[in-house]
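Below are the chains, spelled out letter by letter.
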Amino acid sequence: PDPIFEKAIQRKGEGLSDPYVIASYVKAAAAVLGEDALPIIAVYLRHAEARVRANCIEALELSGVDPARKRILSVLMNFLSDPDPRVSGNCIKALSRSLETAELTTLVQDYFDSSDPRRCLNALHLIEQLRLTDALSILQTCLNHEVEQIRIRAQEILPVFQDEIP
C-alpha cells in the first residue's frame, strides 16, 4: 500500500479533516484491512458530513463483517433513520445480507417518501438490486411521479419486473 495511506492507517485517520478524504479513507481502510478497520470506521460513523456517514456504512459492508453481529446490527438499525437518504439507503443494502425479504420490503416501504426525490431514486435502486417484488407499488408510484428523472428511472427498472406486474 501507499506509504501515506499506511501512516493514516497506523494513526487511525487522526488528523484527517476534509470530508471527501475521510469518506474515501474509511472505504479504503475497510477494503485493505477487513474487520480490522472497524475501530477506524467507528471513529467516523457520527461525522457531521453525510457523505462520511454513508461511506462508513459502505465500509462496514466492504469489511466483510457479518451484519447480523449484535453490535453491527444495532449500528445499522440506528442509521436507518439518518436524515440523509444515502446513509439510510446504504443501511438497508447492508442489512440485506442478514434480513429476510419481507423485512427488507418493509424497511424500503417505510424508507420511501414520494416527496423526497433522493429517497425515491434510492428506493428504486434498492427494489431493483434486492429484487423486492413485494415493493412494486413504489415502482408503480414512481412511474407517475412529477419529477422526470424518477419517472425515467422507474421505466428503466420496469423490464426487470415485467412478469411480476399485473
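Counting from 1, residues in each chain are numbered in the order their sequence is written. It should be noted that, the model being predicted, local features are given only for residues of pLDDT at least 70 and side-chain atom pairs only at 80 or more, the latter also being counted only at that level, while totals for whole chains, interfaces and linings use all residues. Water and hydrogen atoms were dropped before computing side-chain values, which therefore reflect all heavy atoms in the structure.

### Concerning the nonpolar core
Point 1. To form a nonpolar core, buried Ala, Val, Leu, Ile, Met, Phe, Trp, Tyr and Cys residues must be joined to one another through side-chain atoms within 4.5 Å. With a 1.4 Å probe rolled over the protein chains alone, any residue whose accessible area is under 20% of its type maximum counts as buried; one over 50% counts as exposed, and the rest are partly exposed. Counting residues in each nonpolar core, the largest one holds 50 residues, and the members touching the most others are Ile41 and Ile57.
Point 2. A helix here means a DSSP run of H or I that spans at least four residues, while a strand means a run of E at least two residues long, and both kinds are numbered starting from the N terminus. Counting residues per element, this core draws most heavily on helix 4 (residues 50–62), which supplies seven residues.
Point 3. Two residues form a contact once any of their heavy atoms are found within 4.5 Å. Not counting residues up to four positions away in its chain, the partners in contact with Ile57 are Leu45, Leu76, Phe79, Val87, Asn90, Cys91 and Ala94.

### With respect to the confidence of the model for the protein
Point 1. What pLDDT conveys is the predictor's confidence in a given residue, as a value from 0 to 100. Looking at the protein as a whole, its pLDDT mean stands at 86, while 89% of the residues score no less than 70.
Point 2. Across the protein, the element-wise mean pLDDT spans from 59 in helix 1 (residues 3–10) up to 96 in helix 10 (residues 148–157).

### What about the environment of Phe79?
Point 1. Considering the arrangement of structural elements, one finds Phe79 in helix 5 (residues 70–79).
Point 2. Spatially, the C-alpha atom of Phe79 lies 9.1 Å from that of Asn90, the residues being 11 residues apart in sequence.
Point 3. Leaving out residues up to four positions away in the same chain, Phe79 has contacts with Leu45, Arg46, Arg53, Ile57, Val87, Ser88 and Cys91.

### Looking at the packing of aromatic side chains
Point 1. Side-chain rings of Phe, Tyr and Trp (the six-membered ring for Trp) are treated as a pair once their centres are within 6.5 Å; stacked means planes under 30 degrees apart, edge-to-face means over 60, and tilted covers the remaining angles. Tallied over the entire structure, the rule returns one aromatic pair.
Point 2. Judged by centre distance (6.5 Å) and plane angle (85°), the rings of Tyr25 and Tyr44 are edge-to-face. Note that Tyr25 is positioned in helix 2 (residues 19–33) and Tyr44 in helix 3 (residues 38–44), a separation of 19 residues in sequence.
Point 3. For Tyr25, a relative accessible area of 6% gives the class buried.
Point 4. We classify Tyr44 as buried; its relative accessible area is 8%.

### With respect to helix 9 (residues 136–143)
Point 1. For helix 9, every residue scored as buried is listed here: Leu136, Ile138, Leu139 and Cys142. Along helix 9, the residues classed as buried sweep out an arc of 150° about the axis, all on the same side.
Point 2. Taken together, the buried residues of helix 9 touch helix 7 (101–111), helix 8 (117–130) and helix 10. Of all possible arcs, the one meant is that of the directions from the helix axis to the C-beta atoms.

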